[in-house]
Amino acid sequence: RANRARGGLGDDDVRSIIESENMRERERLTARGRQSISETDMRQARRLLTNKRERWRQQLVNEASTNLRQLIPTFPPDKKLSKHDVLRYSARYIVYMQHQLYDLLEQQQLQSGEHPGAAKKKAQ
């Protein structure tokens, strides 16, 4: 069940994939009287599952990159960014926003009469 919640597949799913991907071979084996799944079939099923998990993982990475891309200010606003650029600009934007926060905290401390160097200590 834990595998299913994370997008993985259970034993029943493995059997279903084997049956759908390799139906003729399965029928041939059944006709011979073999009811169990062969080692070759299991290897093929594992490979199919591994490929499916990798496609799922790549889809999640792409979705996350797209979501992050929408949060990063760019000029022009509709500029297409690669995943690498999205990560680079994200790191820069986080540093920029951190500096903005420090500046805001220092301004508030100056207005309240506190020592301005304490802003960085409070933010951290």
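Since we're looking at a predicted model, the values are computed, not measured.

Run through the overall build of the chain, naming residues and quoting values.
In terms of regular secondary structure, the chain is built from six helices and zero strands. Along its sequence from the N terminus, the chain presents helices and strands in the succession α-α-α-α-α-α. Of all 124 residues assigned to the chain, the portion counted as buried reaches 20%. By sequence separation, contacts in the chain at least 24 residues apart represent 19% of the contacts at least 6 residues apart. About 10000 Å² of surface is accessible on the chain, with carbon and sulfur atoms providing 53% of the total.

Pulling in residues and values, what's your account of a nonpolar patch on the surface?
A cluster of nonpolar residues, Tyr93, Tyr96 and Met97, forms a patch on the protein surface that exposes about 280 Å² of accessible area. Within the secondary structure, Met97 sits in helix H5 (residues 83-112). The exposure class of Met97 is partly exposed, given its relative accessible area of 38%.

Lay out the side chain of Thr74 with the relevant residues and their values.
Inspection of the secondary structure puts Thr74 in the loop between helix H4 (39-71) and H5. Of note is the side chain of Thr74, whose polar atom sits 3.4 Å from the backbone oxygen of Pro77. Sequence-distant contacts of Thr74, that is, excluding residues within four places in its chain, are made with Lys79 and Leu81.

Break down the pattern of salt bridges for me, citing the residues and quoting the values.
Per the stated rule, a full pass over the model turns up three salt bridges. We note a salt bridge from Arg46 to Glu39, for which the minimum N-O separation is 3.5 Å. Its relative accessible area of 40% is what places Arg46 among the partly exposed residues. A salt bridge links Glu54 to Arg57; its shortest N-O distance comes to 2.7 Å. Within this pair, Glu54 and its partner Arg57 are both found in helix H4, separated by three residues, close to a single helical turn. On the basis of relative accessible area, Glu54 is assigned to the partly exposed category, the value being 39%.

Mind laying out the confidence of the model for the chain, listing which residues take part and the relevant values?
When pLDDT is averaged along the chain, the result is 79; 65% of the residues meet or exceed 70. Of all the helices and strands in the chain, helix H1 (residues 2-5) carries the lowest mean pLDDT, 46, while H5 carries the highest, 93. For the stretch residues 1-6, pLDDT sits under 50, and the model shows six contacts to residues farther than four places along the chain or on other chains.

Criteria and cut-off values
Residues numbered from 1 in each chain as written. Predicted model: local features only at pLDDT ≥ 70, side-chain atom pairs only at ≥ 80, totals over all residues. Heavy atoms only, no water. Helix = DSSP H or I, 4+ residues; strand = E, 2+ residues; numbered from the N terminus. Buried < 20%, exposed > 50% of the residue type's maximum accessible area, 1.4 Å probe, protein only. Contact = heavy atoms within 4.5 Å. Areas by Shrake-Rupley, 256 points an atom, 1.4 Å probe, with all protein chains shown as cover. Patch = residues over 30% accessible without salt bridge, like charges linked within 9 Å, V, L, I, M, F, W, Y side chains within 5 Å. Salt bridge = Lys/Arg side-chain N within 4 Å of Asp/Glu carboxyl O. Polar contact = N/O pair within 3.5 Å; in protein donor to acceptor, adjacent residues only side chain to side chain. pLDDT = per-residue confidence, 0-100.

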